[in-house]
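Below are the chains, spelled out letter by letter.
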Amino acid sequence: MDEFMAAAIAEAKQGLEEGGIPIGSVLVRDGQIIGHGHNKRVQELNPMVHAEIDCLMQAGRVGHYRDTVLYSTLMPCYLCAGAAVQFRIPRVVVGESRTFPGARAFMESHGIVVQDLELPECVEMMEDFIATRPDLWFEDIGELKSS
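Structural notes, computed from the coordinates. Since we're looking at a predicted model, the values are computed, not measured.

Criteria and cut-off values
- Residues numbered from 1 in each chain as written.
- Predicted model: local features only at pLDDT ≥ 70, side-chain atom pairs only at ≥ 80, totals over all residues.
- Heavy atoms only, no water.
- Phe/Tyr/Trp six-rings, centres within 6.5 Å; stacked < 30°, edge-to-face > 60°.
- Helix = DSSP H or I, 4+ residues; strand = E, 2+ residues; numbered from the N terminus.
- Buried < 20%, exposed > 50% of the residue type's maximum accessible area, 1.4 Å probe, protein only.
- Contact = heavy atoms within 4.5 Å.
- Axes fitted to C-alpha atoms, helices over the stretch in contact; angles between N-to-C directions.

## A few points about the packing of aromatic side chains
Phase 1: Going through the model one piece at a time under the given rule, you end up with four aromatic pairs.
Phase 2: Judged by centre distance (5.6 Å) and plane angle (50°), the rings of Phe4 and Tyr71 are tilted. A residue pair is termed long-range when its members are at least 10 positions apart, and Phe4 in helix H1 (residues 3-17) and Tyr71 in strand S3 (residues 68-72) qualify at 67 residues. Exposure class is identical for Phe4 and Tyr71. Each is buried.

As structure tokens, then:
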């Protein structure tokens, strides 16, 4: 695993320690992390603060994104994929998509190269979270908990 995905995983773990959803993200340009974030929906009582959105907000104004790579521990949802498309981020690297398939086809249909690393650590982290806090998970993905 490269240092950038390791940084995204560290962000996810920080979110979990804060009582939130363990999804982390980093934005990389020229081999340097220029933004980092994690899902803060629970912590900030804000449904928009997904990991990738937090990461982009923390990066601030960077001019353009055409030479960046967005890393996320989980396949981005349509909200976050929309941000990647809007800012023309050319490449998205994800830890896994087994627990949530996300919007891969949407990103690819807009020319983004998506690489799924299928990391067992990311899968296990999300599976454990979903089993422990299904209420938060279903809220995060906009689903009603099945009974």
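Now that the structure has been shown, the text picks up again.
## With respect to helix H4 (residues 78-86)
Phase 1: Listed in full, the buried residues belonging to H4 are Cys80, Ala81, Ala83, Ala84 and Val85.
Phase 2: Buried residues along H4 sit against helix H3 (51-59), strand S4 (91-94) and helix H5 (104-109).

## Quick word on the packing of H3 against H4
When two helices pack together, you describe them by how their axes are tilted relative to each other and by the distance separating the axes.
Phase 1: Look at H3 against H4: their axes get within 8 Å of each other, and the N-to-C directions meet at 35°. Here H3 contributes Glu52, Ile53 and Leu56 to the contact with H4, which in turn contributes Leu79, Cys80 and Ala83.

Don't take any of this as a statement about function, it's just geometry.
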